[in-house]
Amino acid sequence: MLKTAELFHVAFSPTAPDAKLKQQLPIWHHLGLENEQICNNGIRETCLWQNHDITTVGDLVAFTTRVQPETHRPSMKCNCETCRLDCIAGCTKPHSCESVAVKLLNKLPKKFDPRSFEGGGPTVQNEITNDSDEGGEDNTTFNPCLITCDNLTDSA
Ligand SMILES: [Zn+2]
Ligand SMILES: [Zn+2]
């Protein structure tokens, strides 16, 4: 099992800097949004920005995936530890903020959404060739999948 994990880690390692970069991008006025801007001037957006200290895409992902206590209820009246801490920080509606945070992440184009890496989706190959700045033009023509398919056809 460990060896398999290592293999996967090695295989996916070229995507790691990319995923990291996506996390570091500022969520407010995100560069990847052409038609629709995410602004921090809505009530909940302001709360996410000021009270939950969310400035980057990574902050937002961490906020939406944070582990809630068992006593947490998806309600404005929840009095669990996490919601209480949010209230102390100045948030009046922690649950609403979570919903808005998820919606904001969903607005991101897939190639800027760091969550698409968590499931190991089929778009990973495209992500590498499109987003990599270091390889130059050769990168765009390289397609490991095609090479594999050719090999399979030859040997059959
Ligand atoms: Zn709660
Ligand atoms: Zn809030």
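Higher on the page you've got the structure.
We now turn to the structure provided with this report. (Residues numbered from 1 in each chain as written. Chains lettered and ligands numbered in written order. Predicted model: local features only at pLDDT ≥ 70, side-chain atom pairs only at ≥ 80, totals over all residues.)

### A few points about the overall build of the protein chain
What counts here: Secondary structure elements are defined from DSSP: runs of H or I of at least 4 residues count as helices, runs of E of at least 2 residues count as strands, and each element is numbered from the N terminus.
Within the protein chain, the secondary structure is distributed over nine helices and zero strands. Tracing the protein chain from N to C terminus, the helices and strands come up as α-α-α-α-α-α-α-α-α.

### Observations concerning unusual backbone geometry
Basically, it comes down to this: Note on burial: count the other C-beta atoms lying within 10 Å of the residue's C-beta; 20 or more is buried, 12 or fewer is exposed, in between is partly exposed, and C-beta positions come from the backbone.
The residue H29 is not glycine, and still its phi comes out positive at about 55°. Structurally, the position occupied by H29 is in the loop between α2 (16-24) and α3 (43-50). Phi angles above zero are rare outside glycine, and D53 is one such case at about 55°. Considering the arrangement of structural elements, one finds D53 in the loop between α3 and α4 (57-64). Residue class for D53 comes out exposed when judged on the 10 C-beta atoms lying within 10 Å of it.

### Focus on the environment of Q68
Inclusion rule: C-beta atoms are first placed from the backbone for all residues, and any pair lying within 7 Å is then listed as a contact.
Tracing the backbone through its elements, the reader meets Q68 in the loop between α4 and α5 (81-89). A residue is classified by how many C-beta atoms lie within 10 Å of it, and Q68, with 15 of them, is partly exposed. When sequence neighbours within four positions are dropped, the list of residues in contact with Q68 reads C80 and T82.

### A look at α4
Selection rule: Think of the arc as the fan of directions from the helix axis to the C-beta atoms.
Among the residues of α4, those classed as buried are V57, L60 and V61. The buried residues of α4 all sit within an arc of 100° when viewed along its axis, so they share a single face.

### Some words on the nonpolar core
Going by this rule: What we call a nonpolar core is a set of buried Ala, Val, Leu, Ile, Met, Phe, Trp, Tyr and Cys residues whose membership is set by joining through C-beta atoms within 7 Å.
By size, the foremost hydrophobic cluster in this structure holds 13 residues, and its most contacted members are I27, L48, L60, A101, L104 and L105. In this structure L105 touches L60, V61, T64, D113 and R115, once residues within four positions along its chain are discounted.

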